[in-house]
Amino acid sequence: MATHLTPGVLPVDDVRYAKTPTRVSWGAIFAGVVLAIAVQLVLGILGTGIGLSLVDPVEGTTPGAAGFGIGAGIYWIITTVIALGAGGYAAARVAGVQDRFDGLVHGLVVWGVTLILTLYLLTSAVGGIIGGAFRTVGSVATAAGSGIGAAAPKVADVANVDVTDVRDEASAYLSTAPSDPAQMTPEQAQKEIAQELPALARGGQDGVRAESRIVDIVAAQRKISRPEAQAQVTRAKAQFVKTKNETIATAKSATDTAAGAAAGTSFMVVIALLIGAAAAGFGATAAARRRV
């Protein structure tokens, strides 16, 4: 049986074998990603060497931290543009795309895969090490801030000491302290004042009672009149409140500064990423060949 041919049309028997050409070549994209990461690493190592060569502690000509930060940021953007531009160009060239839009897609996919792979490497390797260190520090801080009441049973369990025995021993120590401030030793007076300070800081009725108790102890220990002791306690309390307020204000200012710096850094990172995407797209479209 003869096959009838029409100019510009596939033979009828061969239509089922015709395939739609693939517009995205993942092999070419992988090659572009590998090239982009390699170029980025090489330029990054080169930048590290340049930065270290500027450090001269003997002559005292080392640039400041601000200068280093700005220079490193600019260099990072330049190396990102070069690396992603080369990766996008290589991907589009290897894929043999003929349409600029297809080239743009290859470049943007190279950029996206490179970004995802970089984030994965940071979070799985370096990020895991840093995260583990911070988790360790956080655990220690949590244990320290949980209070003696919560930490004592855990410490007692580790030391194989019965919690009830610890509490009974503590009660025995406290019971030896006389209730009369005049009969207290200096050590007992200090412990008693330390026990009353939390209630004094809380204020209210408990604060008034704690302040009165502290005044009695100060008067008895220093052998001064109660009005004089009250004046000393009032001055100490005012100084404590002032210091606390200054500490809170400093903490708020530092937090606001850190938040502003973090926001500015986030915006700069976003801009750098968009510049990288533009570089990858430009490099890929430059390699695309127009259909004749």
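Up top you'll find the structure we're talking about.
Residues numbered from 1 in each chain as written. Predicted model: local features only at pLDDT ≥ 70, side-chain atom pairs only at ≥ 80, totals over all residues. Heavy atoms only, no water.

> Teacher, can you tell me more about the overall build of the chain here?
If you tally the helices and strands in the chain, you get eight helices and zero strands. Listed by position from the N terminus, the elements making up the chain come as α-α-α-α-α-α-α-α. For the chain, the residues scored as buried account for 20% of the 292 residues in total. In the chain, the proportion of contacts linking residues at least 24 apart, taken out of those at least 6 apart, comes to 62%. (Helix = DSSP H or I, 4+ residues; strand = E, 2+ residues; numbered from the N terminus. Buried < 20%, exposed > 50% of the residue type's maximum accessible area, 1.4 Å probe, protein only. Contact = heavy atoms within 4.5 Å.)

> Honestly, the nonpolar core in this entry has me stumped. Any pointers?
Among soluble globular proteins, nonpolar side chains are generally buried collectively. If you look at the biggest cluster of nonpolar residues, it comprises nine residues: Ala199, Leu200, Ala210, Ile214, Val215, Val218, Ala219, Ala229 and Val233. Going through the elements one at a time, helix H6 (186-202), helix H7 (204-222) and helix H8 (226-287) are the ones with two or more residues in this core. Beyond its immediate chain neighbours, meaning those up to four positions away, Ala210 contacts Glu196, Ala199 and Leu200. With five residues, the next largest nonpolar core counts Ala92, Val97, Ala287 and Ala288 among its residues. (Core = buried A, V, L, I, M, F, W, Y, C linked by side-chain atoms within 4.5 Å.)

> In this structure, what is going on with the pattern of salt bridges? I would like to understand it.
Pairs can form between side chains of opposite charge once their charged atoms are near each other. This model, assessed by the stated rule, comprises four salt bridges. Close ionic contact of Arg209 with Glu196 constitutes a salt bridge, the shortest N to O distance being 3.3 Å. Residue Arg209 is located in helix H7, and its partner Glu196 is located in helix H6; the two are separated by 13 residues in the primary sequence. With a closest N to O distance of 2.8 Å, Asp216 and Arg226 form a salt bridge. With Asp216 in helix H7 and Arg226 in helix H8, the pair connects residues that are 10 residues apart, well separated along the chain. Classification of Asp216 by relative accessible area gives partly exposed; the value is 28%. Looking at Arg226, the relative accessible area reads 37%, which means it is partly exposed. (Salt bridge = Lys/Arg side-chain N within 4 Å of Asp/Glu carboxyl O.)

> Got a minute to help me understand the packing of H6 against H7 in this structure?
The axes of two packed helices give the description: the angle between them and the distance between them. Between H6 and H7, the shortest axis-to-axis distance is 7 Å and the interhelical angle comes to 155 degrees. Comparing their axes, H7 and H6 come out roughly antiparallel. Remark: the crossing between H6 and H7 carries left-handed chirality. Within the contact between the two elements, H6 uses Pro186, Ala189, Glu192, Ile193, Glu196, Leu197, Ala199, Leu200 and Arg202 and H7 uses Gly204, Asp206, Gly207, Arg209, Ala210, Glu211, Arg213, Ile214, Ile217, Val218 and Gln221. (Axes fitted to C-alpha atoms, helices over the stretch in contact; angles between N-to-C directions. Parallel < 35°, antiparallel > 145°, perpendicular 65-115°, else oblique. Left-handed = near helix turned anticlockwise from the far one by under 90°.)

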